Amino acid sequence: MKNLFAAAAIATVGLGFGSAAMAQEDCGEISMAEFNWASGELLAAVDKIILEEGYGCDVELVVGGTAPIFASMNEKGTPDIAGEQWVNAVRQLVDQAIDEGRLFAVNTAPITGLGEGWWVPPYTLEANPELKTALDIIERPDLFPWAEDPSKGAIVGCPAGWGCQFVMNNLFQAYDMEAKGWVLVDPGSAAGLDGSIAKANERGENWLGYYWSPTSIIGKYNLQPVPFGVEYAGDENWNGCISLETCIDPAKTSWIKSEVFTIVTDEFMQRGGPINEYLAARVYPGSVMGEMLVYMSEEQADGEDAAYEFLSRFENVWTQWVSPEVAAKVKASL
Amino acid sequence: MNWLTEFPEMSRTDLRDLKKGGDEAFKAFSRAYGEALENFFFPLLKFLKWFEDLLVATPWPIMMIIIALLVWAGSRSLPMVAGTVISMLLIGYLGMWEDTMFTLALISVATLICIVVGIPFGILMSKSDRTQAVVTPILDIMQTIPPFVYLIPILLLLGIGRVPGLIAVIIFAIPPVVRLTNLGIRLVDKDVLEAADSFGASPWQKMRTVQLPLALPNIFAGVNQTIMMALSMVVTASLIGVTGLGQEVLVALNNQYLSLGFMNGLAIVAIAIVFDRVSQKYGKRLQKHSEVVHG
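Residues numbered from 1 in each chain as written. Chains lettered and ligands numbered in written order. Predicted model: local features only at pLDDT ≥ 70, side-chain atom pairs only at ≥ 80, totals over all residues.

**Student:** Which residues make up the overall build of chain B, and what values do they have?
**Tutor:** Counting its regular elements, chain B contains 14 helices and zero strands. Projected onto its principal axes, the C-alpha positions of chain B cover 65 × 55 × 45 Å. Counting only residues that meet the buried cut, chain B has 36% of its 295 residues in that class. Within chain B, counting contacts between residues at least 6 apart in sequence, those at least 24 apart form 77% of the total. (Helix = DSSP H or I, 4+ residues; strand = E, 2+ residues; numbered from the N terminus. Buried ≥ 20, exposed ≤ 12 C-beta atoms within 10 Å, placed from the backbone. Contact = placed C-beta atoms within 7 Å.)

**Student:** Mind laying out the overall build of chain A, listing which residues take part and the relevant values?
**Tutor:** Looking only at helices and strands, chain A features 17 helices and 11 strands. Along the three orthogonal principal directions, the C-alpha set of chain A runs to about 70 × 40 × 30 Å. A total of 334 residues make up chain A; the buried ones form 44% of that total. Partitioning the contacts of chain A with sequence separation of at least 6, the portion at a separation of at least 24 is 76%.

**Student:** Break down the sheet that holds strand β1 (residues 28-35) of chain A for me, with residues and values.
**Tutor:** All names here are of chain A. With mixed pairing, the five strands of this open sheet are ordered in space as β2-β1-β3-β11-β4. Two strands close off the open sheet at either side, each with one partner strand: β2 (57-64) and β4 (103-107). Ignoring strand direction, the axes of neighbouring strands in this sheet form an average angle of 30°. With two bridges joining them, β1 and strand β3 (residues 81-86) adopt parallel strand pairing. Paired with Ala 33 across the bridge in β3 is Ala 82. The strands that helix α13 (residues 274-281) touches are β3, β4 and β11 (260-265); relative to β4, the one it contacts most, it runs at about 55°. (Pairing = 2+ DSSP bridges. Axes fitted to C-alpha atoms, helices over the stretch in contact; angles between N-to-C directions.)

**Student:** Please set out the domain arrangement of chain A residue by residue, giving values where relevant.
**Tutor:** Accessible area lost during the coming together of the parts is what is often quoted as the interface size. All names here are of chain A. By the assigned domains, chain A splits into domain 1 (2-112 + 259-333) and domain 2 (115-242). If you average the C-alpha positions of domain 1 and of domain 2, the two centres end up 34 Å apart. Of all the secondary structure elements, the ones that give two or more residues to the side of domain 1 that touches domain 2 are α3 (38-55) and α14 (286-299). Counted by class, the side of domain 1 that touches domain 2 contains six nonpolar, four polar and one charged residues. (Domains from an automatic or database assignment. Nonpolar A, V, L, I, M, F, W, Y, C, P; charged D, E, K, R; others polar.)

**Student:** I'd like a rundown of the interface of chain A and chain B, residues and numbers included.
**Tutor:** On the side of chain B, 23 residues touch chain A, which itself brings 18 residues to the contact. By residue number, the principal contributor to the side of chain A that touches chain B is helix α9 (residues 190-203) of chain A, which donates eight residues. In terms of residue class, the side of chain A that touches chain B is built from seven nonpolar, six polar and five charged.

**Student:** Requested: an account of helix α4 (residues 78-93) of chain B, with residues and values cited.
**Tutor:** Because an α-helix completes one turn every 3.6 residues, residues spaced three or four positions apart along the sequence face the same direction. Residue and element names in this part refer to chain B. For α4, built from 16 residues, the straight-helix expectation of 22 Å at 1.5 Å per residue is met to within 8% by its first-to-last C-alpha distance of 22 Å. Every buried residue belonging to α4 is among Thr 84, Met 88 and Ile 91, and all of these are buried. With its buried residues spanning 60° around the axis, α4 presents them on a single face. Seen from the buried face of α4, the exposed residues on the opposite side, beyond 90 degrees, are Leu 78, Pro 79, Ala 82, Ile 86 and Tyr 93. (Expected span 1.5 Å × (residues − 1). Arc of directions from axis to C-beta.)

**Student:** Provide a residue-level description of the pairing of β4 of chain A, including the pertinent values.
**Tutor:** As a general feature of sheets, a regular strand has side chains that alternate between the two faces. Residue and element names in this part refer to chain A. Judged by how many residues are buried, β4 sits mostly within the fold: four of five residues are covered. Here four bridges tie β4 to β11, and the two strands are oriented antiparallel to one another. The partner of Ala 105 across the bridge, within β11, is Ile 263.

**Student:** Describe in detail the nonpolar core, supporting the description with residues and values.
**Tutor:** If you look at the biggest cluster of nonpolar residues, it comprises 101 residues, and the most contacted ones within it are Ala 110, Val 169 and Ala 173 of chain B. Among the elements that line this core, the one with the most residues is helix α5 (residues 97-127) of chain B, at 12 residues. One finds Tyr 55, Val 94, Val 264 and Ala 306 of chain A within the second-largest nonpolar core, a separate group that totals 53 residues. (Core = buried A, V, L, I, M, F, W, Y, C linked by C-beta atoms within 7 Å.)

**Student:** Lay out the packing of α5 of chain B against helix α6 (residues 129-144) of chain B in plain terms, naming residues and giving numbers.
**Tutor:** All names here are of chain B. Between α5 and α6, the shortest axis-to-axis distance is 5 Å and the interhelical angle comes to 130°. With respect to each other, α5 and α6 are oriented oblique. Across the interface between the two elements, Phe 121, Leu 124, Met 125 and Lys 127 of α5 pack against Thr 131, Gln 132 and Val 135 of α6. Per-class residue counts for the contact of α5 with α6 are four nonpolar, two polar and one charged. (Parallel < 35°, antiparallel > 145°, perpendicular 65-115°, else oblique.)

**Student:** Can you tell me about the pairing of β3 of chain A, naming the residues and giving the values?
**Tutor:** Residue and element names in this part refer to chain A. Burial analysis of β3 places six of its six residues in the buried class, which makes it a mostly covered element. Of the strand pairs in this sheet, β3 and β11 are connected by four bridges, and their pairing is antiparallel. Directly across from Trp 86, in β11, lies its bridge partner Val 260.

**Student:** Requested: an account of the environment of Phe 41 of chain B, with residues and values cited.
**Tutor:** All names here are of chain B. Along the polypeptide, Phe 41 turns up in helix α2 (residues 12-57). Given 19 C-beta atoms within a 10 Å radius, Phe 41 is considered partly exposed. Considered as a pair, Phe 41 and Val 163 are 122 residues apart in the sequence and their alpha carbons are 7.4 Å apart. Excluding residues that lie within four positions of it along the chain, Phe 41 makes contacts with Leu 158 and Val 163.

**Student:** Outline the packing of α3 of chain A against α14 of chain A, listing residues and values.
**Tutor:** All names here are of chain A. Running from N to C, α3 and α14 point in directions that differ by 105°, and their axes come no closer than 10 Å. Considered as vectors, α3 and α14 are oriented roughly perpendicular to each other. Between α3, through Ala 38, Ser 39 and Leu 42, and α14, the contact on the second element is made entirely by Met 289, Met 292, Leu 293 and Met 296. Classifying every residue of the contact of α3 with α14 gives six nonpolar, one polar and no charged.

**Student:** How would you summarise unusual backbone geometry if you had to cite specific residues and measurements?
**Tutor:** Put simply, Thr 78 of chain A and Pro 79 of chain A share a cis peptide bond, and its omega is -5°. Even without being a glycine, Asp 176 of chain A presents a positive backbone phi close to 55°. Along the chain, Asp 176 of chain A turns up in the loop between α8 (164-174) and β8 (182-185). The backbone phi angle of Gln 256 of chain B is positive, close to 55°, even though this residue is not glycine. Examined against the element boundaries, Gln 256 of chain B turns out to sit in the loop between α13 (245-255) and α14 (258-290). Since 8 C-beta atoms lie within 10 Å of it, Gln 256 of chain B is described here as exposed.

So this is what it looks like as structure tokens:
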């Protein structure tokens with residue numbers, strides 16, 4: 001305990017002398033969350049390399065899922081940084097912690113273009129440039145014939161038993177798709193959903209359905225998100241109807257925005273200095289993240305392998321996140 | 001001594017290229033022939049859908065009478081009929097009628113195809129030792145390979161839905177009927193065959209009027225096994241988008257819905273018991289009529 005207080009005191013004193021200079025030379029120990037999915041692993045591994053090589057930190061990774069990592073940061077103040085914290089699942093707690101000053105969101109969009117929704121292959125849009133939004137697509141069931149009854153259009157939904165199944169059912173109803181000649185197809189499982197995407201894309205067939213990003217399959221087939229062409233109709237409609245099993249009168253809406261934050265603890269906000277600036281500037285374009293996830297799944301690479309690949313393949317991306325001196329140091333280490 | 005402690009394995013890149021090569025070759029096959037295959041199976045899909053719609057659209061009391069009559073025709077046992085009607089009533093009361101009809105349709109069509117394809121194969125096997133030597137290992141593979149393995153190529157070729165599910169069920173369920181048809185014909189008494197020969201029966205006459213009838217009890221045991229195996233594939237088939245009781249079991253598994261899981265699981269069990277007892281009793285009656293004494 002004594003040491004901890006001492007360390008905190010030194011950190012506070014250090015602040016007085018200008019945190020930038022301090023952290024540059026002697027960044028100290030940082031514990032960082034490594035989320036247990038592909039993009040989470042990559043993000044943590046890249047942060048670790050840049051912070052260790054560029055800023056001289058000593059980074060320890062803590063592996064976990066969304067809820068346990070968040071609970072640990074919120075209640076025990078450790079780890080210091082969570083790179084890819086998905087917010088929707090723990091929304092109330094995150095809002096509360098940020099309001100009360102225990103946690104800070106230093107970056108509210110570390111990966112662009114992420115989220116759930118409807119996706120189509122790129123060649124579908126190329127061949128039918130008039131399909132600008134979901135509203136346009138809904139008028140053309142003939143472009144997405146259902147294998148079991150080609151007179152109807154198929155939209156592949158969420159596997160039975162997943163939370164998003166209700167959302168798909170209710171959106172199907174809200175957009176009045178049955179009357180327009182559509183069928184909501186249940187793929188049965190994640191493997192079924194992935195398989196139907198792979199089959200359609202390998203054969204150049206049109207495909208419309210549910211998925212989420214960042215994922216390797218989105219990156220692999222370059223699937224395009226479908227804008228709904230309708231505003232988000234509010235949390236009351238979403239939480240009180242669309243996402244429930246029984247929803248009598250769902251209103252048309254776009255998919256709720258998925259938010260991912262990079263979160264740091266209050267203590268780290270005080271002592272992090274330039275590292276917080278780095279975390280704020282560190283934004284992966286969705287396409288880059290997609291390409292990296294494809295690399296990871298095809299090469300069966302772990303986060304660290306993929307991080308080195310990213311640093312060499314996308315120099316133009318990450319060098320914009322840091323100062324030229326830091327960039328030079330990281331490059332020298334590769 | 002490195003080579004002793006470490007297995008001389010293929011280099012990582014070669015291994016990856018091997019896997020990738022296999023995948024690419026199959027995808028190329030799927031691009032070239034997938035659509036033709038889908039068209040080939042389209043009549044089957046039409047038939048399955050028609051049969052499903054028929055079962056679902058038939059008013060439940062009529063359906064119940066038909067089921068009771070079928071059970072009576074097969075088993076000639078009143079307790080069997082009563083047990084079946086009670087379990088079907090319970091299934092309906094617990095809200096699983098429609099899913100049960102979907103599953104019944106799938107199982108019936110799968111069994112029908114297994115019989116139509118499997119019995120001729122069994123006959124061919126019984127005719128030639130060479131055919132038997134080739135087909136037996138294939139049947140071994142079909143029975144032991146984990147179904148998830150062939151779900152992947154089926155998905156890539158045919159996508160999700162009823163037909164790919166049906167094909168997965170057939171691959172898993174067809175071996176017993178082929179094996180037992182072969183066995184049944186081979187077990188027919190040589191003296192009987194000699195007698196048929198001495199009457200100047202052609203090979204086709206011999207097969208149709210002597211061998212097949214005498215092999216019927218064995219063939220029927222094979223059909224019984226095939227039905228049981230088809231039912232055990234219901235949940236796996238639901239993984240690639242087949243509707244029915246299996247799908248509800250998956251929902252239960254995904255959400256830890258204990259009661260839902262057991263209800264649908266027990267409905268599958270009930271169907272299995274009915275099919276099993278009825279086909280066994282029917283098989284026994286066949287044996288009695290043909291008056292074959294085994295052993």
